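Chain by chain, the residues run as shown.
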Amino acid sequence: MNYIQFILFFIFAIGAFLAGLPVYSRLTKEDSLKSCRSIFLGEVLLIGSILIYAGLMIVSMLGLYTVHFIWGVVGLAYLAIFDKNSRDEILALFKKEAAFSLPVIVFIVMAAVFFYRNCYFLMDVDSHTAYLLTQKIWLENKTSLIGSPALDLRVYVAQFDAVFYGLGLSVFPRETLFPQLINTFFRLIAVLLVFGYTNYRFNKWYGLAASMYMFFNIAFHISGANRWVVLNGALVALIFAASYSMWEGRAQKSNARFLLALVFLLLIPSNKYQGLLVAIFIFALGMFVQRNPLKQIVGIFKSRFYVSAFALFVVIAALHFIKNWIATGCPSFPIFAGQFNALNHTPEMDAVFRQYTKGVDLNLFTRYFGYLFLWHDIIPERRVIYVLIYLPFIILMMMRRNKVINYDVTFEFMYWLALSIASVFGICILMFQDPRYYVFPLGVMVFTTIFAVHYIFRECLKVRVTFIIVLFMIFFATPWYKIYTKNIDEFSNPTYKQNWEVVTDKIHTSDVVSIYYPRQNEVDEAIRNNPDKFAKSAWYFFMQPNRHSSFLSPIRPYVSVLTTSIISWESYESEEKVINDLKAYGIKWLIDYRDDKVVFIPVNDFAKEMVVFDRYPKKVQYDYGFPEELTRTKYAK
């Protein structure tokens, strides 16, 4: 079973590579970045994934979301073999002499261990409580055009990377190894791009140090294979690719590279709403650094192929919003759902939800600037804030030691620093502060850190010995080196032995369910013992987390004050209205945990609890012990 999932994954990965080649080869005919193998590979895989995503979204909207059609989309990618440009690119890739060196070998070994450590099962936790469930719903209904107040609103949010999970789930509906491999796939793309671009701009040793900053991040290193967090690696890759492509559009005076930056930016909101402001800030800074931004834009429209490619990716980026519009009546659902009166959402419910998931405003961000950079455990961001704190001294030191300032290098340094600030600000102002979101601009932070060390040593201290600079970079990157040397259990990570058991097909998803979801058997047994009640029941969303898996449990309506609208917002004021709303959906029982047991609550009893439930949380969704100013909600009277 595991063997087949590995085979399916490699069929997908090769398909993504082939799908991206025809477009990428034509966009980058004179692009010097493609001379770097890892950049070439990472960008082709990213472009190819976007195209396959488009195919999957289209068949889902046509009601053809079945194993034959979705794997047919992947199969179509293999037609690229008949494209001469694609064949030439493949031949050139293999003909190019392999320049192995110590940093490259170390990088390959680290990447191999990284892949091995992620040979496990994607946990139904975090946002993936909805994402895995989404694919289950799409596959069972053969379509993504499902609009229901009884579904968790997160089913409708952007989830570009999670769409690919359906490929594996269509063959093995209860196995989550393939989804975990997809999660690893996008994180590997992000590392390839960071290693490759740092190597391209500086050298392989710098690239190795940059990759260590990525690999030695525990949230990045083992993601999805534990019950704590699932990182969106595709967003990390898209944000970094857009950032350096904007700069290279200036450096190379390249319309094609500028177009690639726009393509990557377009897909960020289709991947995660929380990346929207980050994308806007990258675009604004990218336009600012262009030597002639108007000329760059006009240059795209001078080429028929560029215009066609841009239009294609605009449509692909819009597919998620078109799907939501058809299914719910609100393209950005759940954002502005109340204004569209979509699926029983009201403006008041929207206002409460925005407070519950709110970020900080400009005033709070300014006041807690250093705190927001330092509180979590993302190493590169800690280094960036240190650089920002000492930036005036760095500039003074450089001016004192240099009669002539290297304005080009200084300007680029400031670009990456500004991107780092803007990225964190974009995340903090839009949504609650959370380690998952702070990792989104990880590639930008890593490259900024490397650039800062280079700048300080070369431009300020006049150190010309690369070996010394690299030693400092690697030293700063090593706090989490134990990730590679020990079976770390801090975040319920799998052990090396468990990884081997997955690779050798000795354990499967069902074998670990009791570890991560200790009450799953009780839930299953309760369902088996009460088939009549379950047929007329709904899941109460506030069941204790990590007790059971929504993905592994039968689909029934969900009831929640803030994340579903099966009970209308106004109905919470009256027991009779709560009961009527539930019975209108054929619901007579609510499933919940009470006194550490799975129980079926009659709707009459449930209604009594709902009318006294406080619909206005006093704190934001995730409170990590922040100062009260950052977590306190404020509702308009």
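Please refer to the structure placed before this passage.
Residues numbered from 1 in each chain as written. Predicted model: local features only at pLDDT ≥ 70, side-chain atom pairs only at ≥ 80, totals over all residues. Heavy atoms only, no water.

Caption draft 1: Looking closely at the overall build of the protein chain. Counting secondary structure elements, the protein chain contains 33 helices and 4 strands. Taking 26 Å as the expected radius of gyration for a compact globule of 637 residues, we find that the protein chain reaches 25 Å, a close match to that expectation. Along the first, second and third principal axes, the C-alpha atoms of the protein chain reach 80 × 55 × 55 Å. Taking contacts inside the protein chain between residues at least 6 apart in sequence as the whole, the part at least 24 apart equals 77%. Of the charged side chains in the protein chain, 60 are positive and 46 negative, and the gap between their average positions amounts to 9 Å. (Helix = DSSP H or I, 4+ residues; strand = E, 2+ residues; numbered from the N terminus. Rg over C-alpha atoms; globule rule 2.2 N^0.38 Å. Contact = heavy atoms within 4.5 Å. Lys, Arg positive; Asp, Glu negative; His and termini not counted. Charge placed at Lys NZ, Arg CZ, Asp CG, Glu CD.)

Caption draft 2: Layout of the pairing of strand E1 (residues 537-540). Across 3 bridges, E1 lies against strand E3 (residues 589-594) in parallel orientation. Note on E3: the bridge partner recorded for Ala 538 is Leu 590. Bridge count between E1 and strand E2 (residues 558-559): 2 bridges; the pairing is parallel. In the sheet register, Tyr 540 faces E2, and the bridge partner there is Val 559. (Pairing = 2+ DSSP bridges.)

Caption draft 3: Inspection of the packing of aromatic side chains at higher detail. Counting across every chain of the model gives 52 aromatic pairs. The ring of Tyr 496 carries the charged tip of Arg 117 above its face, separated from the ring centre by 4.4 Å. (Phe/Tyr/Trp six-rings, centres within 6.5 Å; stacked < 30°, edge-to-face > 60°. Lys NZ or Arg CZ within 6 Å of the ring centre and 35° of its normal.)

Caption draft 4: Main features of unusual backbone geometry. Here the amide bond leading from Phe 333 into Pro 334 is cis, since omega sits at 10°, within 30 degrees of zero. By secondary structure assignment, the location of Pro 334 is in the loop between helix H15 (304-328) and helix H16 (337-340). You will see that Lys 142, though not glycine, has its phi angle at about 65°, which is positive. Relative to the assigned elements, Lys 142 resides in the loop between helix H6 (128-141) and helix H7 (165-169). Taking relative accessible area as the criterion, Lys 142 reaches 45% and is therefore assigned partly exposed. Even without being a glycine, Lys 462 presents a positive backbone phi close to 60°. (Buried < 20%, exposed > 50% of the residue type's maximum accessible area, 1.4 Å probe, protein only.)

Caption draft 5: Inspection of the pattern of salt bridges at higher detail. Across all of its chains, the model carries 15 salt bridges by this definition. One salt bridge connects Glu 522 with Arg 519, and the closest N-O pair in it is separated by 2.5 Å. Residue class for Arg 519 comes out buried when judged on its relative accessible area of 17%. Among the ionic pairs, Asp 614 bridges to Lys 618, the shortest N-O distance being 2.6 Å. With relative accessibility at 56%, the residue Lys 618 sits in the exposed group. Several salt bridges converge on common partners, so that one network encompasses Asp 31, Glu 43 and Arg 257. (Salt bridge = Lys/Arg side-chain N within 4 Å of Asp/Glu carboxyl O.)

Caption draft 6: Region of the structure containing the environment of Lys 583. Inspection of the secondary structure puts Lys 583 in helix H31 (residues 575-584). Given the relative accessible area of 47%, Lys 583 is considered partly exposed. Distance in space between the C-alpha atoms of Lys 583 and Asp 88 is 63 Å, their sequence separation being 495 residues.

Caption draft 7: Layout of the packing of helix H2 (residues 37-61) against helix H3 (residues 67-77). With their axes 9 Å apart at the nearest point, H2 and H3 run at an angle of 150° to one another. Taken as axis vectors, H2 and H3 run roughly antiparallel relative to one another. Two packed elements cross with a definite hand, and for H2 against H3 that hand is right-handed. Mapping the contact onto sequence places Ile 52, Gly 55, Leu 56 and Val 59 in H2 and Ile 70, Val 73 and Val 74 in H3. Tallied by class, the residues present in the contact of H2 with H3 amount to 6 nonpolar, 1 polar and no charged. (Axes fitted to C-alpha atoms, helices over the stretch in contact; angles between N-to-C directions. Parallel < 35°, antiparallel > 145°, perpendicular 65-115°, else oblique. Left-handed = near helix turned anticlockwise from the far one by under 90°. Nonpolar A, V, L, I, M, F, W, Y, C, P; charged D, E, K, R; others polar.)

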